[in-house]
Amino acid sequence: MSVLTAPHRALGSRRSAPDRRGGRPAWEEAPTPIGRLSKTTLLTLVVLAVVFPLWCVVVTSLSSRATVNATGGMVVIPREFDVAAYVTIFNGGQVAQAVWISVLITGVGTAFSLTLTVLAAYGLSRPGSFLHRPLLFLFLLTFVIYPGMVPSYLVVTGFGLKNSLWSLILPSAITAFNLVVIRAFFMNIPGELIDCARMDGASEFRILTRIMIPLSKAVIAVVGLFYAVNYWNAFFNALLYIDDNDKWPIQRLLQGYILLGQAPQMAGQPVNVPGVGAAIPPTLSIKMAVVVVTVIPALLVYPFVQRHFTKGVLTGAIKG
């Protein structure tokens, strides 16, 4: 027995040795120096292509009027830092109001969309629910048939939502993709667990709130991030449905500044900046400061939800 098993043990040790040393399967070739250099160079170029524009935007937003005038545009190398642009946009006026409207729309819209999506996904994940197949077919039909801009505009105006903040929330309240992901995750939860809860007298609402949602925190967090980013970055609905400038979200305001060349509308007199005094920041610095303000929320929220991506979306999509 020992003689027969010895070669197998030796063979197993020889096969596992490359795994322990190189950390790669035995059939995978070791990377060549040229391959490593090319991968490093390519990744470095990709990182620079992403970081360099952000660097220019941040540096320009923090530059003084003299620095912006000297460079004639975007600032690459920082010289004189000046926070007058940020103090100006948060000192009242259209930008500060647009930021508040975007925060309001994102918070209310995300909560509203998550509530509707979770309720609809739970109902469609139960095979015996009322009108299960017709409703599921209608939701899946939106993947291939989109109503278009003109019908959507007619529906919004027909319900009297024109120039209302609800016109930025209701048309995109439920996304079919997010609904399918959460439904697939709910269907992966063992049915025996739900049957036991029903035997104990739990209602459908109690099963949803005490069993389904706690077990699905990962996918709900990811879908919530999708909804929040969508509401925060959306500007086209505001372009269609909002005519009052005082109700514009920050992205619609930014679109007017950057693409249409409109001048920022600020409230009050030149801002008193500590250590600088009364100063009127350059228009380019104010525009870049608005860009930074629109990007920061996504950068702050994403790291906290990133760990849920694989478990939330991929698990629910593949197993469903």
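Residues numbered from 1 in each chain as written. Predicted model: local features only at pLDDT ≥ 70, side-chain atom pairs only at ≥ 80, totals over all residues. Heavy atoms only, no water.

Draft legend 1. Main features of empty space enclosed by the protein. Enumeration according to the criterion identifies one cavity of 30 Å³ or more in this entry. Estimates place the volume of the largest cavity at around 80 Å³. Around the largest cavity, the lining residues are I105, L168, S172, N230, Y231, A234, N237, A238 and P249. Listing elements by their share of the lining of the largest cavity, those giving two or more residues are α11 (217-233) and α12 (236-241). Residue composition of the lining of the largest cavity, by class: six nonpolar, three polar and no charged. (1 Å grid on protein atoms, 1.4 Å probe; cavity = no way out; pocket = protein on both sides within 12 Å on 5 of 7 lines; lining within 4 Å. Points joined across faces, edges and corners; volume = space filled by probe spheres on them. Helix = DSSP H or I, 4+ residues; strand = E, 2+ residues; numbered from the N terminus. Nonpolar A, V, L, I, M, F, W, Y, C, P; charged D, E, K, R; others polar.)

Draft legend 2. Up close: the packing of helix α2 (residues 33-61) against helix α14 (residues 283-305). Closest axis-to-axis distance for the α2/α14 pair is 7 Å, and the angle between their directions is 125 degrees. In terms of orientation, α2 lies oblique with respect to α14. Both α2 and α14 take part in a crossing whose hand is left-handed. Between α2, through V57, V58, T60 and S61, and α14, the contact on the second element is made entirely by L284, S285, M288, A289, V291 and V292. Looking at the contact of α2 with α14 residue by residue, the classes come out as seven nonpolar, three polar and no charged. (Axes fitted to C-alpha atoms, helices over the stretch in contact; angles between N-to-C directions. Parallel < 35°, antiparallel > 145°, perpendicular 65-115°, else oblique. Left-handed = near helix turned anticlockwise from the far one by under 90°. Contact = heavy atoms within 4.5 Å.)

Draft legend 3. Fine view of the pattern of salt bridges. With the rule as written, the count across this model stands at three salt bridges. A salt bridge links K162 to D243, with the shortest nitrogen-to-oxygen separation between them at 3.8 Å. Taken together, the residues span a long stretch of sequence, with K162 in the loop between α7 (149-158) and α8 (176-188) and D243 in the loop between α12 and α13 (250-258) at a distance of 81 residues. For K162, a relative accessible area of 26% puts it in the partly exposed group. Its relative accessible area of 52% is what places D243 among the exposed residues. R198 is paired through a salt bridge with D195; the nearest N and O atoms lie 3.6 Å apart. Of this pair, R198 and D195 both sit in helix α9 (residues 191-199), three residues apart, which is roughly one turn of the helix. With relative accessibility at 41%, the residue D195 sits in the partly exposed group. (Salt bridge = Lys/Arg side-chain N within 4 Å of Asp/Glu carboxyl O. Buried < 20%, exposed > 50% of the residue type's maximum accessible area, 1.4 Å probe, protein only.)

Draft legend 4. Here's a closer look at the packing of aromatic side chains. By the definition in use, this model includes three aromatic pairs. Arranged with centres 6.3 Å apart and planes meeting at 80 degrees, the rings of Y122 and F186 form a pair that is edge-to-face. Note that Y122 is positioned in helix α5 (residues 94-125) and F186 in helix α8, a separation of 64 residues in sequence. Comparing Y122 with F186 shows no difference in burial state: the two are buried. Judged by centre distance (6.0 Å) and plane angle (20 degrees), the rings of Y153 and Y241 are stacked. On the criterion of sequence distance, the pair formed by Y153 in helix α7 and Y241 in helix α12 is long-range, its members being 88 residues apart. Classification of Y153 by relative accessible area gives partly exposed; the value is 30%. (Phe/Tyr/Trp six-rings, centres within 6.5 Å; stacked < 30°, edge-to-face > 60°.)

Draft legend 5. Summary view of the nonpolar core. I89, F186, M212 and I250 are the most contacted members of the largest nonpolar core, which has 50 residues in total. Elements that contribute at least two residues to this core include exactly α4 (84-89), α5, α8, α9, α10 (204-215), α11, α13 and α14. Here the element with the most residues in this core is α5; it accounts for eleven residues. Ignoring any residue separated from it by four or fewer positions in sequence, one finds M212 in contact with Y122, R126, F186, I189, I194 and I207. (Core = buried A, V, L, I, M, F, W, Y, C linked by side-chain atoms within 4.5 Å.)

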